[in-house]
Amino acid sequence: MRKRSIMLAALILAATSSLAKAEEVTLWVRTSSGAVLQGLADKYNASHDDKVVVTQITAEQMVPKLGAAIAVGSPPDGAVLDLIYLPTFAASDSLEDVTDFVKGLPYAEALSPSHIRLATYEDRIYGLPALPDASIIAYNTELFEKAGLDPKKAPASLAEIVDYAKKIRGIGEDTYGFYFVANSGSWLIYDFLPHIWAANADVLTDDGREATIDTPAMRETIAAYRDMWSAGAVHPTSRSGNGNNAVEAFASGKVGILMTGSYIVNLLTNKYPDVKFDVAPIPGPSGGVSSFAGGDTLSLMKGISEEKKKVLLDFVEFYMQPEQQVYITKESGMPSRTDLAGEAYAQFDKRNLVAYDILANARTPYTFSSDELFVSRTGPFLNLIQGSIFGDDVDGAIAKAQDGFSKILERTNP
């Protein structure tokens, strides 16, 4: 009897000990990525004792709320952030160093390069790609045919985009050749800057500390856009519209070429199945291609316990596996690893591969002042585009942007 009691007590102790070891980690995500991350957390939680608890934060509030939580010493255990904010949080010593973990992954070389670059500060890595996306162009193949263009031949340069846009505009009064969202800095870094990068130029130095606005690539790109605007080839709501307006205009069949993102393939095929379209990389003024590597990076907060750190990194390894990468592709359009094209896209529209293939060469501005430089509605980048494309003084707009960038960088660089 005594022996049975001892064995029972041992079993109870073992069970209690096992329960005590289970961890619960908190993960903040922006609402735009919330459904996918919650789905991944649900899958992880169903097969693990440890739990990942997702809290969705309005995208516009993520950075200020996270900053405030860090300041008062009560941050979440981890956060899934727009990758462009990683340099700022890393430089402020707010994130946990995960360099050894990243370099130890067997697929480390297949992780989105831009996500790793933006998560790197002083040669240490502070995040891993979660939900990447990339910018591309979509073009209406029916309008191409009506304009006498080859629907199987995407424009290979910005000069060709101008030519094609004008020809499509010639179809009729309510048909336009080109659409870009000119009223949003976030959209413009997404679909305008790749023209510059494709020409091996940039608006910032590699370390993000100096502005390099006035380049031949910038002037050629501005000239091309001005040409299309002057010719009436740009859809009129481009100047004041938003991303939803852009999709609606393209889905109406009245826009030939749309500056857009990797999400467009699944969106159009699911919501607007009658639209005949194809996609292509964003070209430079005279050729070359590039893309904005956007999306999310998962970071651990500085000071996280070793137990919780282990859980979150285990969650990363979980969602990096092929099965979860296929799920991510189905839900958001692009996996985090660049070595899983066959598996990730086997059951999906092959046009997704255009954005997937360009991800390895995509770029993102490395800066500690993203919002002030690029996003602000009164910032120098948005003013540059609005002033140079729709205004009369290109030289003045470029000079003003260079000065505006430089002053912000001098004030905000760590």
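Being a predicted model, the structure only gives us computed values, none of them experimental.

Analysis parameters
Residues numbered from 1 in each chain as written. Predicted model: local features only at pLDDT ≥ 70, side-chain atom pairs only at ≥ 80, totals over all residues. Heavy atoms only, no water. Helix = DSSP H or I, 4+ residues; strand = E, 2+ residues; numbered from the N terminus. Buried < 20%, exposed > 50% of the residue type's maximum accessible area, 1.4 Å probe, protein only. 1 Å grid on protein atoms, 1.4 Å probe; cavity = no way out; pocket = protein on both sides within 12 Å on 5 of 7 lines; lining within 4 Å. Points joined across faces, edges and corners; volume = space filled by probe spheres on them. Nonpolar A, V, L, I, M, F, W, Y, C, P; charged D, E, K, R; others polar. Contact = heavy atoms within 4.5 Å. Salt bridge = Lys/Arg side-chain N within 4 Å of Asp/Glu carboxyl O. Core = buried A, V, L, I, M, F, W, Y, C linked by side-chain atoms within 4.5 Å. Pairing = 2+ DSSP bridges. Phe/Tyr/Trp six-rings, centres within 6.5 Å; stacked < 30°, edge-to-face > 60°. Axes fitted to C-alpha atoms, helices over the stretch in contact; angles between N-to-C directions. Parallel < 35°, antiparallel > 145°, perpendicular 65-115°, else oblique. Left-handed = near helix turned anticlockwise from the far one by under 90°. Expected span 1.5 Å × (residues − 1). Arc of directions from axis to C-beta. Polar contact = N/O pair within 3.5 Å; in protein donor to acceptor, adjacent residues only side chain to side chain.

Caption draft 1: Structural view of unusual backbone geometry. Phi is positive for D93, close to 60°, though the residue is something other than glycine. Along the chain, the position of D93 falls in the loop between α4 (86-91) and α5 (99-104). The phi dihedral of D123 falls on the positive side, at around 65°, and the residue is not glycine. Tracing the chain through its elements places D123 in the loop between β4 (120-121) and β5 (124-125). The exposure class assigned to D123 is exposed, which follows from its relative accessible area of 67%.

Caption draft 2: Quick peek at the layout of surface pockets. In this structure, the largest pocket spans a volume of roughly 1400 Å³. Lining the largest pocket are 42 residues; nearest its centre among them are R30, S32, D82, D133 and S186. It is helix α2 (residues 31-47) that provides the largest number of residues to the lining of the largest pocket, a total of 6 residues. Residues belonging to the lining of the largest pocket are distributed by class as follows: 18 nonpolar, 15 polar and 9 charged.

Caption draft 3: The arrangement of helix α13 (residues 264-271) in detail. Residues I264, V265, N266 and L268 constitute the buried set of α13. Those residues of α13 that are buried are in contact with β6 (128-140), α12 (243-251), β8 (255-261), β9 (277-280), α15 (322-332) and α17 (352-358).

Caption draft 4: Structural view of the pattern of salt bridges. Tallied over the entire structure, the rule returns 19 salt bridges. A salt bridge links D97 to R124, with the shortest nitrogen-to-oxygen separation between them at 2.7 Å. Placement of the pair is D97 in the loop between α4 and α5 and R124 in strand β5, with a sequence separation of 27 residues. Since its relative accessible area comes to 26%, D97 is described here as partly exposed. Between K167 and D163 there is a salt bridge; the shortest N-O distance is 3.4 Å. Taken together, the residues K167 and D163, both in helix α8 (residues 158-169) and 4 residues apart, mark about one turn of the helix.

Caption draft 5: Here's a closer look at the nonpolar core. Of all hydrophobic cores here, the largest spans 144 residues; its most connected members are F178, F180, F192, F315, F381 and L384. If one sorts the elements of this core by residue count, β6 sits on top with 8 residues. Non-local contacts of F178, meaning those with residues more than four positions away in its chain, are made with I161, A165, Y225, M228, A233, V234, H235, S238, V255, I257 and M259.

Caption draft 6: Spatial organisation of the pairing of β8. Burial of β8 is extensive: 7 of the 7 residues sit out of reach of the surface. Sheet topology note: the β6/β8 ladder contains 5 bridges and is antiparallel. In the sheet register, Y139 faces β8, and the bridge partner there is I257. In this sheet, β8 lies alongside strand β7 (residues 176-179) in parallel orientation, the contact comprising 3 bridges. Bridging across to β8, Y176 finds its partner in V255.

Caption draft 7: Representation of the packing of aromatic side chains in the model. Tallying each qualifying case throughout the model produces 18 aromatic pairs. With 5.9 Å between their ring centres and 35° between their planes, F178 and F180 make a pair best called tilted. Here F178 falls in the buried class, since its relative accessible area comes to 0%. You can call F180 buried: its relative accessible area is 1%. Measuring from ring centre to ring centre gives 5.8 Å for Y366 and F368, while their planes differ by 90°; the resulting arrangement is edge-to-face. The exposure class assigned to Y366 is buried, which follows from its relative accessible area of 9%.

Caption draft 8: Quick peek at the packing of α2 against α15. Contact geometry for α2 and α15: axes closest at 10 Å, N-to-C directions at 155°. In terms of orientation, α2 lies roughly antiparallel with respect to α15. Classified by chirality, the crossing of α15 by α2 is right-handed. Along the contact surface, α2 presents A35, V36, G39, L40 and K43, while α15 presents Q324, Y327, I328, E331 and S332. Its residues assigned to classes, the contact of α2 with α15 shows 5 nonpolar, 3 polar and 2 charged.

Caption draft 9: Highlighting helix α20 (residues 394-412). Along its 19 residues, α20 runs 27 Å from first to last C-alpha, staying within 8% of the 27 Å computed at 1.5 Å per residue. Residues V394, A397, I398, A401, G404, F405, I408 and L409 constitute the buried set of α20. The arc enclosing the buried residues of α20, seen along the axis, measures out at 130°, which places them on a common side. Of the residues in α20, the exposed ones pointing more than 90 degrees away from the buried face are D395, K400, K407, E410 and R411. Residues of α20 that are buried make contact with α11 (216-230), α18 (370-375) and α19 (380-390). With a side-chain oxygen lying 2.8 Å from the backbone nitrogen of G396, the N-terminal cap of α20 falls on D393.

Caption draft 10: Molecular detail of the packing of α2 against helix α14 (residues 306-319). Interhelical geometry of α2 versus α14 gives an angle of 105° and a closest axis separation of 11 Å. Viewed along their axes, α2 and α14 adopt a mutual orientation that is roughly perpendicular. Taking contact as the criterion, the partners of L37, L40, A41, K43, Y44 and S47 in α2 are, on α14, V311, D314, F315, F318 and Y319. By residue class, the composition of the contact of α2 with α14 is 8 nonpolar, 1 polar and 2 charged.

Caption draft 11: Quick look at the side chain of T221. For T221, the position within the fold is in helix α11. A relative accessible area of 0% places T221 in the buried class.

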